[in-house]
Amino acid sequence: MADEKKAFEVEIITPERIFYTGEATMIEFNTTEGEIGVYPDHIPLTTVLAPGVVIITNGEDVKEAAVHAGFAEILGDKVTLLAEIAEWPDEIDEKRAEAAKERAEARIAAKAADTDMLRAEFALRKALVRIEVKH
């Protein structure tokens, strides 16, 4: 039986700051291949982050943040997320996120020839993640 108290180091880094450094007994985040949950002694893995909610669990303490694009490196005793953007719920302007969601949905619905659909869909995912983390 695994030692549930065992923790590993987590570091989330953005171009602007070291967003988070601490210990976790589990971390969950989105990759381009789907959701992943990491426990201590996970197999080494490097993967691409997708916009989503990162959940950092350390015993009873649970933290959530929005993370948008980047890379994750998983080692047995450390998980490092190199993210384009990382935000705590109190850093998110919900009205701005709602407005971004509406703009992205309008661009997607219009299906204009000059619309970069991938960019519009990415903007929509980012806005939805921000709204989810804020709630």
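Structure first, text after, so check above.
Residues numbered from 1 in each chain as written. Predicted model: local features only at pLDDT ≥ 70, side-chain atom pairs only at ≥ 80, totals over all residues. Heavy atoms only, no water.

> I would appreciate a short explanation of the packing of aromatic side chains in the present structure.
For any pair of aromatic rings, the description rests on two quantities: the centre-to-centre distance and the angle between the ring planes. Under the definition given, this model contains 2 aromatic pairs. Between Phe-19 and Trp-88, the ring centres sit 4.4 Å apart and the planes meet at 20°, which makes this aromatic pair stacked. On the criterion of sequence distance, the pair formed by Phe-19 in strand β2 (residues 18-24) and Trp-88 in the loop between β8 (78-87) and α1 (94-110) is long-range, its members being 69 residues apart. Residue Phe-19 is classed as buried on the basis of its relative accessible area of 7%. Consider the rings of Tyr-20 and Trp-88, whose centres lie 6.0 Å apart with planes at 75°: the pair is edge-to-face. You can see Tyr-20 sitting in strand β2 and its partner Trp-88 sitting in the loop between β8 and α1, a full 68 residues away along the chain. A residue is classified by how much of its surface remains accessible, and Tyr-20, at 11% relative accessible area, is buried. Connected via pairs of aromatic rings, a cluster forms that spans Phe-19, Tyr-20 and Trp-88. (Phe/Tyr/Trp six-rings, centres within 6.5 Å; stacked < 30°, edge-to-face > 60°. Helix = DSSP H or I, 4+ residues; strand = E, 2+ residues; numbered from the N terminus. Buried < 20%, exposed > 50% of the residue type's maximum accessible area, 1.4 Å probe, protein only.)

> Just to check I follow, could you spell out a nonpolar patch on the surface for this structure?
Taken together, the side chains of Val-48, Phe-71 and Leu-82 define a hydrophobic patch exposed on the protein surface, amounting to about 270 Å² of accessible area. Assignment of secondary structure puts Val-48 in strand β5 (residues 45-49). Exposure remark for Val-48: the relative accessible area of 34% places this residue in the partly exposed category. (Patch = residues over 30% accessible without salt bridge, like charges linked within 9 Å, V, L, I, M, F, W, Y side chains within 5 Å. Areas by Shrake-Rupley, 256 points an atom, 1.4 Å probe, with all protein chains shown as cover. Salt bridge = Lys/Arg side-chain N within 4 Å of Asp/Glu carboxyl O.)

> Quick question: what am I supposed to make of the pairing of strand β6 (residues 52-58) here?
Regular strands place side chains that alternate from one sheet face to the opposite one. By the criterion of burial, β6 is predominantly enclosed, with 5 of the 7 residues buried. Taken together, the 3 bridges between strand β3 (residues 26-31) and β6 define a ladder with antiparallel strand orientation. Residue Met-26 lies in a different strand from β6, and its bridge partner there is Thr-57. As defined by bridge partners, β6 adjoins strand β7 (residues 61-75) across 7 bridges and the pair is classed as antiparallel. By the bridge assignment, Val-54 is partnered in β7 with Ala-65. Counted between consecutive antiparallel strands, the loop separating β6 from β7 contains 2 residues, among which Gly-59 sits at a positive phi close to 65°. (Pairing = 2+ DSSP bridges.)

> Got a minute to help me understand the layout of surface pockets in this structure?
Over the atoms, a rolling probe the size of a water molecule traces out where space has been left empty. In this structure, the largest pocket encloses a volume near 470 Å³. Together, 20 residues line the largest pocket, and Ala-100, Arg-103, Ala-123, Lys-126 and Arg-130 are the ones closest to its centre. Within the residue set of the lining of the largest pocket, elements represented by two or more residues are α1 and α2 (117-134). Broken down by element, the lining of the largest pocket gets its largest block of residues, 7 residues, from α2. Looking at the lining of the largest pocket residue by residue, the classes come out as 8 nonpolar, 1 polar and 11 charged. (1 Å grid on protein atoms, 1.4 Å probe; cavity = no way out; pocket = protein on both sides within 12 Å on 5 of 7 lines; lining within 4 Å. Points joined across faces, edges and corners; volume = space filled by probe spheres on them. Nonpolar A, V, L, I, M, F, W, Y, C, P; charged D, E, K, R; others polar.)

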